[in-house]
Amino acid sequence: MREMLGHTPGRIYLLVLLLSIVLMAVAVFMGATDAPAEGEAILVFGWMTMPLVIGVLFVIVWLIAYLIYFIKYWPYR
Amino acid sequence: MVDLIVLGAFSLIIVAMAAYGYRISAKTAEDYMLGGRTIGLVVMFFFVLFAISSSWTFYGFPGHLYLHGPGYVFFIWGSVAGFAILYMFLGPRLWALAKINRFLSPVEALAERYQSKALRVILAVTMLAFIIPYVGVQPLGVGRGFEALTGMPLWVGATYTAVLLVILVILGGMRIVAWVNIFLGTVYVTALLGSLFWVIAVVFPDGGVVQAAQQILASEPAKLSTPGPQGTYTSVLVIGTFVVGLLAFSWPHVVIGAMTARDKTLFKWFPLLIFVFGGLFFYIIPFVWGSIVAPAALPGVTDPAEADRIVQTVIQTFLPRWFGVFVLMGVIAAAVSTAAVQLMTSSIIVARDVIQGVFKPDASDQDITLWARLSVIAIVVLSLSVTVVVSLGLGDEAMALYLTDVSVPGFAQWAPALVGGLLWKRGTRQGAIAGTLAGVIWLVLGLLVTNEAGARILLLDLHPVILTLPLNAIVYVVVSLLTERPSDEIEDVFFTEVDDFLRSER
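Residues numbered from 1 in each chain as written. Chains lettered and ligands numbered in written order. Predicted model: local features only at pLDDT ≥ 70, side-chain atom pairs only at ≥ 80, totals over all residues. Heavy atoms only, no water.

S.K.: Would you mind showing me how to read the overall build of chain A here?
M.R.: The number of helices and strands found in chain A is three helices and two strands. Reading chain A from its N terminus to its C terminus gives the helix and strand order α-α-β-β-α. In terms of C-alpha radius of gyration, chain A reaches 16 Å, well past the compact-globule figure of 11 Å for 77 residues. The C-alpha extent of chain A, read off along each of the three principal axes, is 50 × 25 × 10 Å. Taking all 77 residues of chain A together, the buried fraction comes to 44%. When the accessible surface of chain A is summed, it comes to about 3900 Å², and 75% of that surface belongs to carbon and sulfur atoms. Distance between charge centroids for chain A: 35 Å, based on 4 positive and 4 negative side chains. (Helix = DSSP H or I, 4+ residues; strand = E, 2+ residues; numbered from the N terminus. Rg over C-alpha atoms; globule rule 2.2 N^0.38 Å. Buried < 20%, exposed > 50% of the residue type's maximum accessible area, 1.4 Å probe, protein only. Areas by Shrake-Rupley, 256 points an atom, 1.4 Å probe, with all protein chains shown as cover. Lys, Arg positive; Asp, Glu negative; His and termini not counted. Charge placed at Lys NZ, Arg CZ, Asp CG, Glu CD.)

In structure tokens, the structure reads:
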């Protein structure tokens, strides 16, 4: 982590990871995982509940950020 | 009878691998404890993934989802990020530091970083106190599986697992524990995924998981969203559960895995496997089991212990009996793969940090290897007390909550000293000792002191990590800033040399 803080791509990478956590928390607090008031639970593709969907999106964001940073910019390559 | 023959053959494969490992091992402490620091990417992946994917992923996790809806899955999202954090941020430095200085345990590395024998004892005792009961949860899980499938008492399955563990760890050491995890992991994934597909085909032939989800939507819609049918997973608890999952970077049996790596390129590629195979594939299997398939196939279970067994009950209800034996083999695989790594970690801490670090500083390589092997037996006997307690009806906390409410908060108490020791030059011995002690004492008292209603009053009835970890971290930082900064020599050895090594090593 020290090496990441030492250059711009590393700082951007850490910022993206942090932002994804903040956005996930905001989504949860805004009720994205709850059933809509007077409505049914949201099921993506007919079976994926929102806690699953949000988590999968979160992992995909981390995966993409990781691939870009570790393949192009990681100082210990 | 056929059950016993199959399980006997399964055990023989594990014992044979352990014996082979004993034959080829270099008979040094480094080889026994860290696999000679030669673990490559693929072996490391199976080693770590199935070190963390215990029988909890078969019993506790789906059982909790079954009762409380999908909110608990945020523990998994946090854990995936936590393991990635360990291997992206901390792993390379810990690996380099241990390799340069021949450290055999992460506790030893921190004790040297902070120049403190007292801290070594505090961290060793804390890690052992929280890891040994968790080792005991694994034989308990298998005991429940045996009980449900064969009707045999709980202790039979638990003892079977314990014996298997002792043989594997004593003979094989870390390298074979890692290799065996490939075999065990393959068995487990096949059993868990195979049973899921088969049950879906049998019970929901017209629409698969969509049909199952629609059935729940019609009967118990609260099980498909937060806060769940009992209103448990509020937004605050969901995020709290995620944060508890993030602390996976501090699980000692996962941290030690980073020290066994062959080279630094492992840290470049390892997170890819965590995200793709772990986050987007493996952990989704028990999630679908616990939150969609089991509630639709067998609704109405309300008892936590029965919910813990729900996946197995569904399998036994809808699939042929012979497949139940295969699934039990998968559960044993999951339990053994985790408990073996935890046992290795515990025995290393006992031998290297307690016995050599405190009582016998002049112990030879052979001595500490012998002590590590002997401590395996002692730890297994101690950990079986968990099964005894449950068998006697003295306690039966649902498995899911044992991991997240007791073990994880305990493991987390070395996180400030660990992160600070590796990343913050200003962290001092006094800060590490004061912070760790403050967190551990509050945690232990908080877990023990309850009111008549069972609420943990010293923890304000919040999750055990919410108050104790911030206190630990704040005390660590404040005391470090108020005390004399570590010497230049410490900075050279633990920061400059590590940086140079990582930048130059091919």
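S.K.: Any chance you could explain the nonpolar core here in plain terms?
M.R.: Considering soluble globular proteins, one finds that nonpolar side chains tend to be buried as a cluster. Counting 217 residues, the largest nonpolar core has Tyr13 of chain A together with Trp77, Tyr87 and Trp289 of chain B as the members making the most contacts within it. Discounting residues that sit within four places of it in the chain, Tyr13 of chain A has contacts with Met4, Ala65, Tyr66, Tyr69 and Phe70 of chain A together with Met88 and Phe89 of chain B. (Core = buried A, V, L, I, M, F, W, Y, C linked by side-chain atoms within 4.5 Å. Contact = heavy atoms within 4.5 Å.)

S.K.: For this particular structure, what's the right way to read helix α6 (residues 106-113) of chain B?
M.R.: Helical periodicity: at 3.6 residues per turn, an α-helix aligns residues three or four positions apart in one direction. Residues and elements named next belong to chain B. The buried fraction of α6 is high, at seven of eight residues. All of the buried residues in α6 are Pro106, Val107, Glu108, Ala109, Leu110, Ala111 and Arg113. On its buried face, α6 sits against α5 (74-101), α7 (117-150), α11 (252-258), α16 (321-359), α20 (415-423) and α23 (488-504). Of the residues trailing α6, Gln115 is marked for its positive phi of about 55 degrees.

S.K.: Help me understand the packing of helix α3 (residues 41-52) of chain B against helix α8 (residues 154-203) of chain B in this model?
M.R.: When two helices pack together, their arrangement is given by the angle between their axes and by how far apart the axes lie. Residue and element names in this part refer to chain B. Where α3 contacts α8, the two axes come as close as 8 Å, and the packing angle between them is 70 degrees. Compared by their axis directions, α3 and α8 come out roughly perpendicular. Every pair of crossing elements has a handedness; the one defined by α3 and α8 is left-handed. The segment α3 lies against α8, with Val43, Phe46, Phe47, Phe50 and Ala51 engaging Met174, Val177, Ala178, Trp179, Asn181, Ile182, Gly185, Thr186, Tyr188 and Val189. Its residues placed into classes, the contact of α3 with α8 shows twelve nonpolar, three polar and no charged. (Axes fitted to C-alpha atoms, helices over the stretch in contact; angles between N-to-C directions. Parallel < 35°, antiparallel > 145°, perpendicular 65-115°, else oblique. Left-handed = near helix turned anticlockwise from the far one by under 90°. Nonpolar A, V, L, I, M, F, W, Y, C, P; charged D, E, K, R; others polar.)

S.K.: Even after reading the chapter, I still don't get the pattern of salt bridges, so can you show me in this structure?
M.R.: If charged atoms from side chains of opposite charge come close, those side chains can pair. All names here are of chain B. Enumeration over the complete set of coordinates arrives at nine salt bridges over all chains. Asp499 is the partner of Arg93 in a salt bridge, and the nearest nitrogen-oxygen pair spans 2.9 Å. With Arg93 in helix α5 and Asp499 in helix α23, this residue pair connects regions lying 406 residues apart in the sequence. Comparing Arg93 with Asp499, the two get one shared label, buried. Bridged by salt links that share partners, the residues Glu30, Arg37 and Arg102 form one connected network. (Salt bridge = Lys/Arg side-chain N within 4 Å of Asp/Glu carboxyl O.)

S.K.: How do you make sense of the interface of chain A and chain B when you look at a structure like this?
M.R.: For interface size, the figure often reported is the accessible area lost on association. With 40 residues of chain A in contact, the opposing surface of chain B contributes 49 residues. Between chain A and chain B, roughly 3900 Å² of surface is buried when both sides are summed, and carbon and sulfur atoms account for 76% of that area. For the chain A face of the interface with chain B, the top three residues by lost area are Arg2, Trp47 and Tyr76 of chain A, together amounting to 19%. On inspection of chain A and its partner chain B, the count reaches zero salt bridges. At the junction of chain A with chain B, the criterion picks out nine residue pairs in polar contact (both at pLDDT 80 or more). Residue assignment for the side of chain A that touches chain B shows that the elements contributing at least two residues are α1 (2-5), α2 (8-29) and α3 (50-72) of chain A. Element by element, the count of residues in the side of chain A that touches chain B is highest for α3 of chain A, at 14 residues. (Buried area = accessible area lost by both parts, 1.4 Å probe. Polar contact = N/O pair within 3.5 Å; in protein donor to acceptor, adjacent residues only side chain to side chain.)

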